[in-house]
2 protein chains.
Amino acid sequence: MIIPVILCGGSGTRLWPLSRRDFAKQHVPILGGGSPFQRTLTRVSGQAPFARPLVVTGAGGRFMAAEQAAAAGVAVDLLIEPEPRDTLPAIAAAVEWSMRRDPDAVLLVLPSDHLIADTAGFVATAERAATTAAAGDLVAFGLAPTTPATGYGYIRPGALLPSGGRRIAAFVEKPDAARAAALIAEGCLWNGGMFCFSARAAHAEIAALAPEAAAAAAAALDGATDDLGALRLGPAFAAAPKISFDYGVMEKTASAAVIEADFGWSDIGDWRELWAQSPKDESGVALEGDAVALDCRDSYLRSDGRLVCAIGVEGLAVVDTPDAVLVAPLDRAQEIKGLVTALTAGGRREATEPARVHRPWGWYQTMDLGDRFRVKRIQVAPGKKLSLQKHHHRAEHWVVVRGTAEVTRDDEVILLRENESVFLPLGCVHRLANPGKIPVEIIEVQTGAYLEEDDILRFEDDFGRG
Amino acid sequence: MIIPVILCGGSGTRLWPLSRRDFAKQHVPILGGGSPFQRTLTRVSGQAPFARPLVVTGAGGRFMAAEQAAAAGVAVDLLIEPEPRDTLPAIAAAVEWSMRRDPDAVLLVLPSDHLIADTAGFVATAERAATTAAAGDLVAFGLAPTTPATGYGYIRPGALLPSGGRRIAAFVEKPDAARAAALIAEGCLWNGGMFCFSARAAHAEIAALAPEAAAAAAAALDGATDDLGALRLGPAFAAAPKISFDYGVMEKTASAAVIEADFGWSDIGDWRELWAQSPKDESGVALEGDAVALDCRDSYLRSDGRLVCAIGVEGLAVVDTPDAVLVAPLDRAQEIKGLVTALTAGGRREATEPARVHRPWGWYQTMDLGDRFRVKRIQVAPGKKLSLQKHHHRAEHWVVVRGTAEVTRDDEVILLRENESVFLPLGCVHRLANPGKIPVEIIEVQTGAYLEEDDILRFEDDFGRG
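Bear in mind that the values here come from a model prediction, so they are computed numbers and not experimental data.

## Considerations on the domain arrangement of chain A
Right, on to step 1. We note that the domain assignment places domain 1 (2–266), domain 2 (271–344) and domain 3 (359–460) within chain A.
Right, on to step 2. Taking only C-alpha atoms into account, the centre of domain 1 of chain A sits 40 Å from that of domain 3 of chain A.

Shown next, in the form of structure tokens:
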């Protein structure tokens, strides 16, 4: 059995405005289906060699990870990093966690922000990697290069091993284009950050080559606590060095092996790459959502709801979201990072927060904003409740449009069915809960002179928020 | 005194998605200010030679015309055409209306969907035209051509008149580009559809050259009725031939004169023209609303609320509205007509109706739409009320977020202040009114299985709707 270890930390803005600081690329639904994280999960679920996945995630992304795993119907173990420390500490913690359960377990470390076209090929590669890993080696997946990419590290394969795969002769840092072409001609492979090893072998190598990380991982597991069904690593985790697994272990160990992998891997690193991975018509136009192209070529048009129309454009990305629209040539997609940095510096909320804000209990989205009012749509998951709270500057009207809500208002507890409403005067202590089996959705109309999120005084919270 | 006759019929889709079948170009706010209709009104208001304007509008646009005139602070007389019949019948009705008040009145006929940069130059030209008109001639404005445009008719000036201006030697139909250049070299002028004449002279010429139109106009005035403060022409208006004033009168009369006009006229016929008229930065980029351009050139970016970002585009129009986004090269702006035709054929509401739907009492806009609910923002003008109505398939919650509303619910009449709400169960007979002095704004949450506009049974209506 192979335990998939899904790395789900990190955030990214290269698919802005779809991905944002607070809504990472791996969680963005793409290609008309699930998110890359969900696709990573389902790829290793419900079939032979794979055991229940272990998801390693940051504190910020934990509820999103749990929600998307549940939506994909995949049961997972969840390990929460108290703070982000790069891949070595994350993997060290996963290895320590596995060692304490089964030292002979084989772990398959997978980033969650990539696409893989050929699932069967992926599974077959994972099985070959597991065989090599069982012999005690630390195996990297060497991805068959498709272009002389300058954005990845390369692996130079060495001697053939009896267990399959090859010893790694060298890791090569991100090259320039000419060097990349030369590396490919020599038979070098891309390093996609996917690894396979036994818990025992990885544990020994981490202890030998990165003892601080090993100690921090062990202490973090010792101090780990249950956190709403997930395992939150102890504060000792913060002592681990911020370093990648490649640099801290793979490049130093004598047991580094590589398995050649060719299963249609893509890191969807920007809009150009997402366009390349999308189904396209004969003019090279990819449409997602309610988009219409008239005489366009080689373009990516995406709508999150509105009607998006393009006439006669070529090589363009047009991305519509509820609060921001991006228009940029596909071959200048790398400049989005600079745009987002500038927007962030300008204090633009759209740069960092998604229009739909996910919370441990569900999500909310502002649908209308006027002079002294704000309208939100709020969804609360079954069994969840918001904090007991009050506001100093606003009153709220709640109309239930789906499901059944339990509303606490000062000393009353009111059960509200679909099509019923309640008024929460300024200063009242209130709470919204979903006692039912389906999500509850309400329309909230706030009125007052100050309508920002920070006008909240919390008395009790299921999620430990102050 | 000159009576401005503002022609405000017609609709246009060439500025889609900003203008729509139900929201004509002349009513679209542009260039960071009022609409072309409002600019036309203020250009002839509050200064010396101009009397109170007469606005001729269709039944569909009458409330919008009245609302925008009021918002611009211009008192007008309003003549409603029961159905659209091109410019000759509209002008004939205005002439008949004036004849009955003051046969010596000088009328200045102005389309309302154009821009004029130089107001002082426009006023001076109008005064020259009025002098020629007072001598009994029918005067067309001959606009100084700026490009060999193929979209306008041309006027060839002839002999100089003692009253100023020149006799018209010939009207030339829309030419091709080569012919247009030749016409300009010969001294021909654009025909912009602006005319000046005395009521008496025009009345006589229309009677002589277009007797059916003259008779229909007279009968329509005889049968005209007061309609909420406007004058609605009688049904006889429909007997007028559908024909332009140029073709039916100006090209035939012996009294046709032309005044050369040069005051920065533009018909803002498409996005390219609006871009040309807009203030631009040194890269030729025009921004309206919340738009950000990074390394763009010669482009027009417009936001109606969302953040619109463009990177590295050239010669592009990006137009964002609440329900539709357009991306098209400025030099292919003329293809928008075809796009809108196709969308209309596909039954797309966005092709014809604006997101904000104007009604005689104010406006509404859908802000959120879910599985069994819809959220609208509704504004009711002071003193106005909606029809007394009921719905078979939906209940409604109203929350007042601004002003004071008077709500009729079956046998009750309830006064709702800001921050108060009311529930209207399915099937109840209800009405929303604004008894106050400022607009009332409410958030309406509809719930039910069918939430379209046609689920309405009206019992009483201030605006004669069934």
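## Considering unusual backbone geometry
Right, on to step 1. W16 of chain A connects to P17 of chain A through a cis peptide bond whose omega is 5 degrees.
Right, on to step 2. Secondary-structure assignment places P17 of chain A in the loop between β1 (2–7) and α1 (36–43).
Right, on to step 3. Of note in the backbone geometry, N419 of chain A takes a positive phi value of approximately 80 degrees without being a glycine.
Right, on to step 4. Structurally, the position occupied by N419 of chain A is in the loop between β26 (412–416) and β27 (421–424).
Right, on to step 5. A positive phi is found at D86 of chain B, a non-glycine position, where the angle reads about 70 degrees.
Right, on to step 6. Residue position: D86 of chain B is located in the loop between β3 (77–81) and α3 (87–99).

## What about the sheet that holds strand β20 (residues 356–359) of chain B?
Note on sheets: strands pair through backbone hydrogen bonds, and any given pair is parallel or antiparallel.
Residues and elements named next belong to chain B.
Right, on to step 1. With respect to topology, six strands assemble into an open sheet ordered β20-β21-β22-β29-β24-β27, the strand pairing being antiparallel. In this open sheet, the two strands that pair with only one neighbour each are β20 and β27 (421–424). Taking each pair of neighbouring strands and ignoring which way they run, the sheet shows an average axis angle of 20 degrees.
Right, on to step 2. As judged from the seven bridges shared by strand β21 (residues 362–369) and strand β22 (residues 373–380), these two strands associate in the antiparallel manner. Across the sheet, residue L369 finds its bridge partner in β22, namely R374.

## A short note on helix α1 (residues 36–43) of chain B
In an α-helix, one full turn covers 3.6 residues, which means residues spaced three or four apart are oriented alike.
All names here are of chain B.
Right, on to step 1. Among the eight residues that make up α1, six are buried, leaving the element largely enclosed by the rest of the structure.
Right, on to step 2. Within the span of α1, buried status applies to P36, F37, Q38, T40, L41 and R43.
Right, on to step 3. Check the buried side of α1 and you find it contacts β1 (2–7), β2 (54–58), α2 (62–71), β4 (106–111), β5 (115–116) and α4 (119–134).

## Side note on the interface of chain B and chain A
Right, on to step 1. Counting residues at the interface gives 53 residues for chain B, matched by 53 residues for chain A.
Right, on to step 2. With both sides pooled, the region where chain B packs onto chain A buries about 4,200 Å², and carbon together with sulfur makes up 63% of that total.
Right, on to step 3. Applying the counting rule to chain B against chain A returns eight salt bridges.
Right, on to step 4. Among the salt bridges present, the one from R348 of chain B reaches D290 of chain A, with a minimum N-O distance of 2.6 Å.
Right, on to step 5. Put simply, chain B and chain A have 24 residue pairs in polar contact (both at pLDDT 80 or more) between them.
Right, on to step 6. The element that contributes the greatest number of residues to the side of chain B that touches chain A is strand β19 (residues 324–329) of chain B, accounting for six residues.
Right, on to step 7. In the sheet, strand β17 (residues 307–311) of chain A pairs with β19 of chain B via four bridges, with the strands oriented parallel. Residue pairing across strands places L307 of chain A opposite A324 of chain B, the latter belonging to β19 of chain B.

## Some details on the environment of T447 of chain B
Right, on to step 1. Relative to the elements of secondary structure, T447 of chain B occurs in strand β29 (residues 440–448).
Right, on to step 2. The exposure class of T447 of chain B is buried, given its relative accessible area of 6%.
Right, on to step 3. Between the alpha carbons of T447 of chain B and F373 of chain B there is a distance of 4.4 Å; along the sequence they are 74 residues apart.
Right, on to step 4. Of note is the side chain of T447 of chain B, whose polar atom sits 2.5 Å from the side chain of N419 of chain A.

## Focus: the relation of the copies chain B and chain A
There are two copies of the chain, and a rotation about an axis plus a shift along that axis relates them.
Right, on to step 1. Screw-axis analysis of chain B against chain A gives a translation of 0.0 Å along the axis, an RMSD of 0.1 Å, and a rotation angle of 179 degrees. What the superposition gives is, in effect, a two-fold axis relating one chain to the other. When C-alpha distances to the rotation axis are compared across chain B, the minimum falls at M367 of chain B, with a value of 3.0 Å.
Right, on to step 2. Interface overlap between copies is the fraction of interface residues in one copy that are interface residues in the other; for chain B against chain A it reaches 100%, indicating a shared surface.

## Quick look at the sheet that holds strand β16 (residues 300–302) of chain B
Right, on to step 1. Strand order in this open sheet of six strands is β15(A)-β17(A)-β19(B)-β18(B)-β16(B)-β14(B), and the pairing throughout is mixed. Looking at the sheet topology across the chains shown, the edges are occupied by β15 (291–294) of chain A together with β14 (286–288) of chain B. Sheet twist, expressed as the mean angle between neighbouring strand axes with direction ignored, is 10 degrees.
Right, on to step 2. Across the sheet, helix α10 (residues 336–345) of chain B touches β15 and β17 of chain A together with β19 of chain B, and the angle it forms with β17 of chain A is around 140 degrees.

## Some thoughts on the pairing of strand β7 (residues 153–160) of chain A
Residue and element names in this part refer to chain A.
Right, on to step 1. Pairing between β7 and strand β9 (residues 189–198): three bridges, direction antiparallel. Counterpart to Y154 in the pairing with β9 is W190.
Right, on to step 2. Pairing analysis gives five bridges linking β7 to strand β8 (residues 166–172), with the strands arranged antiparallel. Note on β8: the bridge partner recorded for R156 is A170.
Right, on to step 3. Between β7 and β8, which follow one another and run antiparallel, lie five residues, and G164 among them has a positive phi close to 95 degrees.

Parameters and conventions
- Residues numbered from 1 in each chain as written.
- Chains lettered and ligands numbered in written order.
- Predicted model: local features only at pLDDT ≥ 70, side-chain atom pairs only at ≥ 80, totals over all residues.
- Heavy atoms only, no water.
- Domains from an automatic or database assignment.
- Helix = DSSP H or I, 4+ residues; strand = E, 2+ residues; numbered from the N terminus.
- Pairing = 2+ DSSP bridges.
- Axes fitted to C-alpha atoms, helices over the stretch in contact; angles between N-to-C directions.
- Buried < 20%, exposed > 50% of the residue type's maximum accessible area, 1.4 Å probe, protein only.
- Contact = heavy atoms within 4.5 Å.
- Buried area = accessible area lost by both parts, 1.4 Å probe.
- Salt bridge = Lys/Arg side-chain N within 4 Å of Asp/Glu carboxyl O.
- Polar contact = N/O pair within 3.5 Å; in protein donor to acceptor, adjacent residues only side chain to side chain.
- Least-squares fit on C-alpha atoms with pLDDT ≥ 70 in both.

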